[in-house]
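Results of the structural survey
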Amino acid sequence: MKKWHLHDFNTVLEELETGMDGLSEEQVNERLKKYGENVLPSEPPPSIVKIFIRQFISPLIYILLAAGIVSLFLKEYIDAGFIFTVLLLNSIIGTYQEYNAAKSASALQNVVPHLAQVIRERYKAEIDVKEVVPGDIVILEAGQRVPADLRLIKTNNLEIDESLLTGESLPVAKHTDTLEGEDISLGDRKNIAYASTVVSRGSGLGVVVGTALQTEIGKIAQFISAPAEANAPLVQRMEVFSKNVALAVLGAAAILGMIALARGIEAQAVFFMAVALAVSAIPEGLPVGLTVTLSIGMNRMAQRNVIVRKLVAVEGLGSCTVIASDKTGTLTHNELTVKLLQLPDGKKFVITGEGYNPEGHVKPLEHAVLDEQDKISLRRLIEASVLSNEAAFYQRGETWRYQGDSVDVAFLVLGVKEGIKQEELLKSYPQVGVIPFDAQHRYAAAFHETNGKIRAAVKGAYEALLPMCKTMLNEKGGEEPVDPDHIEQMAFKISEQGYRVLALADGLIDKPADSNPGEAANLDETSLTGLTFLGLVGMIDPLRAEAKAAVKESIGAGVQVNMVTGDHPLTALAIARELGIAQSIDQVITGSELAKCCAETESDKFSSIVGSKTVFARVEPLQKQLIVKGLMDKGHFLAVTGDGVNDAPALKEANIGVAMGSGTDAAKETADIVLTDDNFASIVAGIEEGRVAYDNIRKVIYLLVSTGFAEIVLFTLAILLGFPIPLLAAQILWLNLVTNGVQHIALAFEPNEGDVMKRKPRSPEEGIFNPLMIREVLISGAFMGIVAFGLWAYLVGYLGWHEFAARNSVLLLMVLFENFHVLNCRSERKSIFRMPFFSNRLLIYAIIIAQAIHLVSMQIPFMQMVLSIEPITFVQWFTTMLIASTVLITMEIFKLFYATNLCHKKC
């Protein structure tokens, strides 16, 4: 790899056979073939073999393996063969489920592309990072991740966070000067921008000198592999729960085993009974079931434009109590349209046309004729907006294309409407310096050469521009001292109408004596003095049609919606009123008021103030993190949206960070979730799917734990009351495979019950095993266990049936019990008879398949021998089915009682 920092950038351009106009498509294709795509090697989803082996790494499996080995020594080959077969089948099922989940998660990570801005054939283009090649001219802006290693060509206050590469916590100021010295460290190579670092301030231009493995980060990637993603906290909690249950069940099995031995039951039978009972009662399929359920939720969210980067966010988004949302692009279309111009003399002009369509024109609002002086003043104002601009708006064929910030694009569209094109204007006024827009300073400026002087053009918030201005335009086209109060009153009236207000100013400044032709030195914010205030601009970003309904649905679901914006408070309130977020100015707080509260108020009082507001206007980027912290301190589970590099701290601070798909790489990589359509309605859709996923997790747990508890009750009663063991080891293992191995995965596909967005959010502190879950498990498990024991006692003790035949009937009853009980698990609150029966066809098929497998096995001699079962008559099957159906009636009565009791409490 060459030491590009030691070479002048013109030499670098020559060596890479490129220029400031960028590469041609032909050159790009050739270099893609030569150098390959700009992607680093990443760890693929685990192989099927690796996942299969992982299925055997579990204390539960060790118990079964030990049982199988002991069976071989005891020459119980049928039992040993069955145990190993069960292990194999469970591993195959687990492998299939985990492999598909891993593939789905990996595929979804690639849905949101990382984009880079480059110059190709003289025009700006936005491309996928993997298409960047050596020789490309890359445009850098604040918030973007550097797509490849670059030799910098131009810099404007450019600072880059290189902490992931060098460990340096502070951003590094960059320049274009050639460096000297062979042994300059990476952190001191100020004329190089490294791949994967983040632009924290300013802008720049660079030529690609290395891609993929030829970058500095690529060197590291060759020696390390990506760390495996940790399990979601929810999954970790459930694994701990499974281990605790395992210890409890093993203890219970040991006690029951000792009782059985004391009653004279053969040690060999007791051993197999204890092992089988322990493994059957422990929900060993729970971690896989959770992963599958969350993966299904992830896929459902993806279909609704919500890409989940972290698995836990599937469930977490459904728990949020507050959404702190950006306005622009999320609640609105992010296609700003200039609709109103007002000169300092008070004259107003409206602009026809909508969005980024350049059809339209300027016309007077309150006077009939657009006189020549008005035209001159308006042209000067519009020229300033086009010159102080970092966007691009150009025509390719019949299509108008754009790149850059929506405010800048709106100004360029206005310019085209009035025949002022950026490219032509820059020929007359060559740009010699620029101050990129900074959210903290709230303005952008550009310096242009004209007749030996420098014309400064500035756009931004009127509060930021007024201190720079000495004069303002008057009605005669001349200039008079600027009147800040007059300007402020005009801006206030425009804001009241819901417009976003920006100001424009320009002025001539002397060219620095030490500057070279075509270049200006020492032009920065200190140069912006003595300017002329040109006027105010009213912009409007129309609301998304679906935003109002989505806000209403969110509020109906108990989720508060807050709007966080940099707009004027009156503009923000006008939009908030239309959305139903706020009704009065009392619900609005500004950034300056927040700063005062933060400085003078204790943290708990600050949280109370923040919690009482729904609109945060004129908020600085760093204040957004304070808002997030205040709401979380108030006890809220918070989802916050953002798209800029300055939003990254707030996204990281929040419980769930939601980045816009069109936002910066820094925001997207910090967030838990990315919206591909930047739409607030998609966040609400994500909350809905998150709640469905959480419901389904509970349903899977309910089924697994309650059926295991039923088996414990059955065995406990039989042993304590002196009856023979009701089921053999092979039968219990078969029961576990037929029910838990098939039905609980199908249960994970349950659709929305229809009322998830009518419920209030659950408390973030609430555990899975809340009072409702505990009652359901105890009642259903005890009922199934007691009825199964009743049948066993009746057949063996009263009718005197042989144990072989009685076990055959009890096993069938348990299979049927769990076939019916899975229907109870479809909803914890709603009657099964009020739910569409075929809304989850996969579950119906799973029930039929599970029952069919058992009935067919009764007819096969080999399975009869392995499971100690025999065929039964239709009457026996039908009678047993009627007995099993009583679990539906029992839980329907419970649901009715629960619903009635809940209604009384609410009333």
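Residues numbered from 1 in each chain as written. Predicted model: local features only at pLDDT ≥ 70, side-chain atom pairs only at ≥ 80, totals over all residues. Heavy atoms only, no water.

1. Considering the pairing of strand β14 (residues 399-403)
Relative to β14, strand β13 (residues 392-396) runs antiparallel, the two being bridged by 5 bridges. Within the sheet, the bridge partner assigned to R396 lies in β14 and is T399. Turn length for the β13-β14 hairpin, with the two strands adjacent in sequence and antiparallel, is 2 residues, and the turn residue G397 shows positive phi of about 70°. (Pairing = 2+ DSSP bridges. Helix = DSSP H or I, 4+ residues; strand = E, 2+ residues; numbered from the N terminus.)

2. A word on helix α13 (residues 406-417)
The terminal C-alpha atoms of α13, which comprises 12 residues, lie 16 Å apart, in line with the 16 Å expected from a rise of 1.5 Å per residue. Summarising burial for α13: 12 of the 12 residues are buried, a large majority. For α13, the set of buried residues is S406, V407, D408, V409, A410, F411, L412, V413, L414, G415, V416 and K417. Just downstream of α13 lies G419, where phi reads positive at about 75°. (Expected span 1.5 Å × (residues − 1). Buried < 20%, exposed > 50% of the residue type's maximum accessible area, 1.4 Å probe, protein only.)

3. Here we look at helix α28 (residues 803-824)
Between its terminal C-alpha atoms α28 stretches 31 Å, which fits the 32 Å expected from 22 residues at 1.5 Å a residue. The buried fraction of α28 is high, at 20 of 22 residues.

4. Regarding a nonpolar patch on the surface
On the surface, F749, L842, Y845, I848, I849 and I853 cluster together into a nonpolar patch covering about 540 Å² of accessible area. Within the fold, Y845 resides in helix α29 (residues 841-857). Since its relative accessible area comes to 45%, Y845 is described here as partly exposed. (Patch = residues over 30% accessible without salt bridge, like charges linked within 9 Å, V, L, I, M, F, W, Y side chains within 5 Å. Areas by Shrake-Rupley, 256 points an atom, 1.4 Å probe, with all protein chains shown as cover. Salt bridge = Lys/Arg side-chain N within 4 Å of Asp/Glu carboxyl O.)

5. Overview of the sheet that holds strand β26 (residues 656-660)
Strand order across the open sheet formed by 8 strands is β8-β27-β26-β25-β9-β22-β24-β23, with mixed pairing between neighbours. Taken across any chain shown, the strands that pair with only one partner, and hence form the sheet edges, are β8 (306-308) and β23 (588-590). Between one strand axis and the next, the sheet turns by 20° as a mean value, whatever way the strands run. Where strand β25 (residues 638-642) lies against β26, 4 bridges are found, and the strand directions are parallel. By the bridge assignment, T641 is partnered in β26 with V658. (Axes fitted to C-alpha atoms, helices over the stretch in contact; angles between N-to-C directions.)

6. Remarks on unusual backbone geometry
Positive phi, close to 50°, is recorded for A212, a residue that is not glycine. Residue position: A212 is located in the loop between β7 (198-210) and α7 (216-221). With a phi close to 55°, D678 is a non-glycine residue in the positive phi region. For D678, the position within the fold is in the loop between β27 (673-675) and α24 (680-720). Taking the relative accessible area as the measure of exposure, D678 reaches 10% and is therefore buried.

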